[in-house]
Amino acid sequence: MRILVCGGAGYIGSHACVVLAGLGHRVVVVDNFVNSSPRTLPCLQRIIGAPVEAHRLDLRDRDGLRALLAGSRFDAVMHFAALKAVGESCAQPLDYFDNNIGGTIALLQAMQDTGVRRLVFSSSATVYGEPEQVPVREDAPLSATNPYGRTKLVMEQMIGDLCRADPAFRAASLRYFNPVGAHPSGLIGEDPCGVPNNLMPYLCQVAAGRRERLRVFGGDYPTADGTGVRDYLHVMDLARAHADALDYLVRRERNLVVNLGTGRGTSVLELVRAFERVSGRRIPCEIVARRPGDVATLYADPARARRLLGWRARLGVPRMCRDAWHWQSLHPRGYADADVDAPAFVAGAGQVASGSARNKRVDATPRPPAGPPPPSVGVRTVAQWSSTTTSPRPGR
Ligand SMILES: NC(=O)c1ccc[n+]([C@@H]2O[C@H](COP(=O)([O-])OP(=O)(O)OC[C@H]3O[C@@H](n4cnc5c(N)ncnc54)[C@H](O)[C@@H]3O)[C@@H](O)[C@H]2O)c1
């Protein structure tokens, strides 16, 4: 199948591209690189062993998106493209509504206009808010505790409404728990911008000497060791679930909402110890106050995914830590250390849209405020790059 992967240069989208290409699908990446590096693309190409078509495009650029979808026949869309930092969403809620909900509306409209009727959507366990019971099942009450979570909830609801309005439209909303780890090659992995929001990349940066110590939020939860318990899931297991979900949409012709987790909880300190064993590095920890909105324990009931998709997580916590550390130790500064050229994006009109190696946010450079999408600098652009390169490049 020919699959449009929105946000395909990001952490989870890039791993999904590897799995999809390995199954013989043709992937086409769309990304505006707001939270990723164009250098992901040549790294992806190395793993896949074939060119990957990529377009620098903001989903909110309706004309550009429609032109892309109309220009060649897609069998399905996978939609990873969103802003995802909870704290940032509290500080800049309008940016989150604009990007996540606005981008999704534009995507759904372009799909409808061009007759593409299969969607796999990246949802999140955040849609359960503060669940009353664990493990959490898909029929648990839904709520949002922050603007990011609200965007996920609204996007799921919009997709559900579209499925009801158009019986031929098929969608899978995949509620991820805590994706971690990296492709075993160490060529692609999680490369957070600025201070990591998630535990595993923070741990990796402490182990790599980029940060002094890990701050553990809350040591007095009603859990075995007092620290929060979460359901960590290897990103390759998660990526595989996307292929299974697409297969379900095609074969079963039904819509799907499903949890993706292991069904096992791991505390912060358990994860730290496992990481120390695998990396051979000591991780200094400091227990600090709880973060508002964090729950003590959250893990999935993954039975529905098992029943409907035949999917279950295969890789355990030691493997998650090993692959995360492998990626980090090969790339202490993330994709800035990747031994590849950043691709140049060549505009449809013929001019070079951007040869820039970096347009990702950094701590010191806040994203522009919410508003209309940026000018169509890279619309209908295709990334071109050579498959191998010489020396590491500075920056992204
Ligand atoms: N990583 C997690 O812990 C986690 C957990 C639950 C759900 N999710 C969801 O999974 C999806 C992928 O997450 P990720 O960790 O890979 O994040 P990521 O930031 O690494 O990837 C998202 C990609 O989308 C791109 N993007 C964002 N807005 C865009 C827009 N308007 N137009 C075009 N491209 C755009 C970014 O540049 C980035 O490459 C997101 O929707 C996220 O909310 C992630």
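Calculation rules
- Residues numbered from 1 in each chain as written.
- Predicted model: local features only at pLDDT ≥ 70, side-chain atom pairs only at ≥ 80, totals over all residues.
- UniProt positions renumbered as here; feature names shortened; annotations may be inferred.
- Axes fitted to C-alpha atoms, helices over the stretch in contact; angles between N-to-C directions.
- Helix = DSSP H or I, 4+ residues; strand = E, 2+ residues; numbered from the N terminus.
- Parallel < 35°, antiparallel > 145°, perpendicular 65-115°, else oblique.
- Left-handed = near helix turned anticlockwise from the far one by under 90°.
- Contact = placed C-beta atoms within 7 Å.
- Nonpolar A, V, L, I, M, F, W, Y, C, P; charged D, E, K, R; others polar.
- Pairing = 2+ DSSP bridges.
- Core = buried A, V, L, I, M, F, W, Y, C linked by C-beta atoms within 7 Å.
- Buried ≥ 20, exposed ≤ 12 C-beta atoms within 10 Å, placed from the backbone.
- Near = placed C-beta within 6 Å.
- Expected span 1.5 Å × (residues − 1).

The name an unreviewed UniProt entry assigns to the protein chain is UDP-glucose 4-epimerase, from the organism Cognatiluteimonas weifangensis. Of the protein chain, the UniProt comment under Sequence similarities (unreviewed entry) reads exactly: "Belongs to the NAD(P)-dependent epimerase/dehydratase family." The UniProt entry for the protein chain carries this comment under Pathway (unreviewed entry): "Carbohydrate metabolism; galactose metabolism."

## Some details on the packing of helix 7 (residues 199–207) against helix 11 (residues 317–330)
Where helix 7 contacts helix 11, the axes come no closer than 10 Å and their chain directions differ by 50°. Taken together, helix 7 and helix 11 sit at an angle that is classed as oblique. The way helix 7 lies across helix 11 gives a crossing that is right-handed. Taken together, the residues of helix 11 that come into contact with helix 7 (itself represented by Met200, Cys204 and Ala207) are Ala324, Trp325 and Gln328. A breakdown of the residues in the contact of helix 7 with helix 11 according to their chemical character gives five nonpolar, one polar and no charged.

## Structural notes on the sheet that holds strand 2 (residues 26–31)
Spatially, seven strands are ordered 3-2-1-4-5-6-11 in an open sheet, and the strand pairing comes out parallel. Single-partner strands in this sheet number two, and they are strand 3 (53–56) and strand 11 (256–260). If you compare each strand with its neighbour and ignore which way they point, the axes differ by 20° on average. Looking at chain direction, strand 4 (residues 76–79) and strand 5 (residues 118–124) are connected through three bridges and run parallel. Across the sheet, the residue bridging to His79 is Phe121, located in strand 5. Set on the sheet, helix 8 (residues 235–252) makes contact with strand 4, strand 5, strand 6 (170–176) and strand 11; between it and strand 6 the angle comes to about 155°.

## What about the packing of helix 3 (residues 62–71) against helix 5 (residues 93–114)?
Viewed as axis vectors pointing N to C, helix 3 and helix 5 meet at an angle of 35°, and their least axial separation amounts to 9 Å. Crossing angle aside, the handedness with which helix 3 passes helix 5 is right-handed. Between helix 3 and helix 5, the contacting residues are Arg62, Leu65, Arg66, Leu69 and Ala70 on the first element and Ala106, Leu107, Ala110, Met111, Asp113 and Thr114 on the second. Taken together, the residues of the contact of helix 3 with helix 5 sort by class into seven nonpolar, one polar and three charged.

## Some points on the environment of Tyr248
Relative to the helices and strands, Tyr248 resides in helix 8. On a C-alpha basis, the gap between Tyr248 and Ala171 in space is 9.9 Å, while along the polypeptide they are 77 residues apart.

## Structural notes on the nonpolar core
With 108 residues, the main nonpolar core has Val5, Cys6, Cys17, Val29, Val77 and Ala245 as its most contacted residues. The residues touching Cys17, leaving out its near neighbours within four places in the chain, are Val5, Gly8, Val27, Val29, Leu44 and Val52.

## Topic: the site of the ligand
Around the ligand, the surrounding shell holds 28 residues, and the nearest of these are Gly7, Gly10, Ser36, Ala82 and Ser122. Residue assignment for the shell around the ligand shows that the elements contributing at least two residues are helix 1 (11–22), helix 5, strand 5 and strand 7 (178–180). No other element matches helix 1, which puts three residues into the shell around the ligand. Tallied by class, residues from the shell around the ligand come to 12 nonpolar, 12 polar and four charged.

## Concerning the sheet that holds strand 14 (residues 297–298)
Pairing in this open sheet of three strands is mixed, and the strands run 12-9-14 from one edge to the other. Both outer strands of the open sheet, strand 12 (266–267) and strand 14, are each paired with one neighbouring strand and no more. Across two bridges, the pairing between strand 9 (residues 229–230) and strand 14 is parallel. Across the sheet, the residue bridging to Arg230 is Leu298, located in strand 14.

## Describing helix 5
Structural remark: α-helix, 3.6 residues per turn; residues separated by three or four positions point the same way. Under the 1.5 Å per step criterion, the end-to-end length of helix 5 is 31 Å for 22 residues, consistent within 8% with the ideal 32 Å. Within the span of helix 5, buried status applies to Asp95, Tyr96, Asn99, Asn100, Gly102, Gly103, Thr104, Ala106, Leu107, Leu108, Ala110 and Met111. Those residues of helix 5 that are buried lie in contact with strand 1 (2–6), helix 3, strand 4, helix 4 (86–91), strand 5 and helix 6 (147–165). Immediately downstream of helix 5, the backbone of Gly115 shows phi near 75°, a positive value.

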